Amino acid sequence: RPDVVASAEATALAKKAQRSVDIDAWNRTRYVGWNFAGRRKHLWDRDRSVAQVELRNRKHLIRLADKSGIVFDAEGERLDGTEAKEALKEGWEAFVNASFWLTPIATLFNNDVVLGLSDDGELLVKYGSGGATPGDVYALALDDGGRLTGWKMWVSIIPVGGMEASFEGWTQLPTGAWVSTRHEGPFDFSLTELSGAERRDPTAPDPFAPLFEAGAPAGPATQPTKPVQTATAAP
């Protein structure tokens, strides 16, 4: 695991990387939807800091600020007790992982992130907090325009340090933000069914209505800083 020493050069490179994905367009994006690796569907309301995760024939509605929420089974019945608690934990971990693969560049200036440069000129990123495994380090390879082409990972969930994954299939959301939709490495997987919007259609049903009816309003918008898992989460 490389040592990460903060530097002005690394900060400048990180800003270039954010320009390459149109970070201003991402900041305007309120709703994002995608299918992660063909295994689970995600819907994220960034303004209200809530997420919907469809996983194992269950629908998880989660307040990201405190990881609370509600879960419905395949028949639409609400889970309770220990079963609900465990399901919410699984749904939250799945969302944090999937949202990090969707927008890792958006996390570069989060709290407790240290930015440095490797001997090869790659952007080193160390996450001091957030997610479930603080201390993970990534070495980001960027092209001349600042676009992420791949990374090496030193993460606690994977016993082998420096494992690589590519970032390909860059696609623009309707809001103008760019995301990578294809990754190759130890596991190959894609992000599909992408959607993005700056505001919700007021005539459409609110998918998060049961969550707000069930408890207090969610907290302010947040961006998860790192994955719970990395490549091991892919099929």
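Structure first, text after, so check above.
Every value quoted in this text rests on a predicted model; they were computed, and no experiment measured them.

S.K.: Which parts of the structure should I look at to understand the overall build of the protein chain?
M.R.: Counting secondary structure elements, the protein chain contains four helices and 13 strands. By the burial criterion, 48% of the 235 residues in the protein chain qualify as buried. Restricting to contacts in the protein chain with at least 6 residues of sequence separation, those with at least 24 account for 54%. As displayed, the protein chain offers around 10,900 Å² of accessible surface, 48% of which is attributable to carbon and sulfur atoms.

S.K.: Would you take a moment to explain the packing of aromatic side chains for this structure?
M.R.: Two aromatic rings, taken as a pair, are described by how far apart their centres are and by the angle between their planes. Taken as a whole, this structure holds 13 aromatic pairs when the rule is applied. With 5.1 Å between their ring centres and 50° between their planes, F36 and F189 make a pair best called tilted. Here the residue F36 occupies a position in strand β1 (residues 31–36), and F189 occupies one in strand β13 (residues 189–197), the gap between them amounting to 153 residues. The exposure class assigned to F36 is buried, which follows from its relative accessible area of 0%. An angle of 85° between the planes, with centres 5.1 Å apart, marks the rings of W44 and F95 as edge-to-face. Placement of W44 in strand β2 (residues 40–45) and of F95 in helix α3 (residues 81–102) is noted, with a sequence separation of 51 residues between them. In this pair, the class of W44 matches that of F95, namely buried. Connected via pairs of aromatic rings, a cluster forms that spans F36, F100, W101, Y127, Y138, W151, F167 and F189. One residue, R46, lies across the ring of W44, its end atom 5.5 Å from the ring centre. For the cation-ring pair, R147 lies above W178, with the distance from its terminal atom to the ring centre recorded as 5.2 Å.

S.K.: Looking at this structure, I do not really get the sheet that holds β13. What am I missing?
M.R.: Sheets are built from strands paired through backbone hydrogen bonds, the pairs being either parallel or antiparallel. Here eight strands make up an open sheet; going across it, the order is β5-β4-β3-β2-β1-β13-β12-β11 and the pairing antiparallel. A strand with exactly one partner marks an edge of an open sheet, and here the two such strands are β5 (68–72) and β11 (168–172). Along the sheet, successive strands turn relative to each other by an average axial angle of 15°, direction set aside. In this structure, strand β12 (residues 178–183) lies alongside β13, joined through two bridges in antiparallel fashion.

S.K.: How do you make sense of the pairing of β2 when you look at a structure like this?
M.R.: Two faces make up the sheet, and in a regular strand the side chains alternate between them. Relative to β2, β1 runs antiparallel, the two sharing six bridges. Counterpart to Y31 in the pairing with β2 is D45. As defined by bridge partners, β2 adjoins strand β3 (residues 50–55) across five bridges and the pair is classed as antiparallel. Residue pairing for β3: L43 is matched across the bridge by Q52. Adjacent in sequence and paired antiparallel, β2 and β3 are bridged by four residues, among which S49 carries a positive phi angle near 55°.

Reading the values: the criteria
- For every chain, the first residue of its written sequence is number 1, and the numbers climb from 1 along that sequence.
- Residues qualify for local features only when their pLDDT is at least 70, as the model is predicted, and side-chain atom pairs are given and counted only at 80 or more; totals for whole chains, interfaces and linings, by contrast, use all residues.
- Each side-chain value is derived from all of the structure's non-hydrogen atoms; neither hydrogens nor water enter the calculation.
- Going along the chain from the N terminus, every DSSP run of H or I of four or more residues is numbered as a helix, and every run of E of two or more is numbered as a strand.
- Each residue is placed in one exposure class: buried if its accessible area under a 1.4 Å probe, protein chains only, is under 20% of its type's maximum, exposed if it is over 50%, and partly exposed if it falls in between.
- We call two residues in contact when some of their heavy atoms are within 4.5 Å.
- Surface exposure here means Shrake-Rupley accessible area, sampled with a 1.4 Å probe, where a residue is shielded only by the protein chains that are shown.
- Side-chain rings of Phe, Tyr and Trp (the six-membered ring for Trp) are treated as a pair once their centres are within 6.5 Å; stacked means planes under 30 degrees apart, edge-to-face means over 60, and tilted covers the remaining angles.
- Lysine and arginine charges are scored as sitting over a ring when NZ or CZ, respectively, is within 6 Å of the ring centre and within 35 degrees of the ring normal.
- For two strands to pair, DSSP has to find at least two bridges joining them.
- Only the contacting stretch of a helix is used when fitting its axis, a line to C-alpha atoms as for every element, and angles between N-to-C directions run 0 to 180 degrees.

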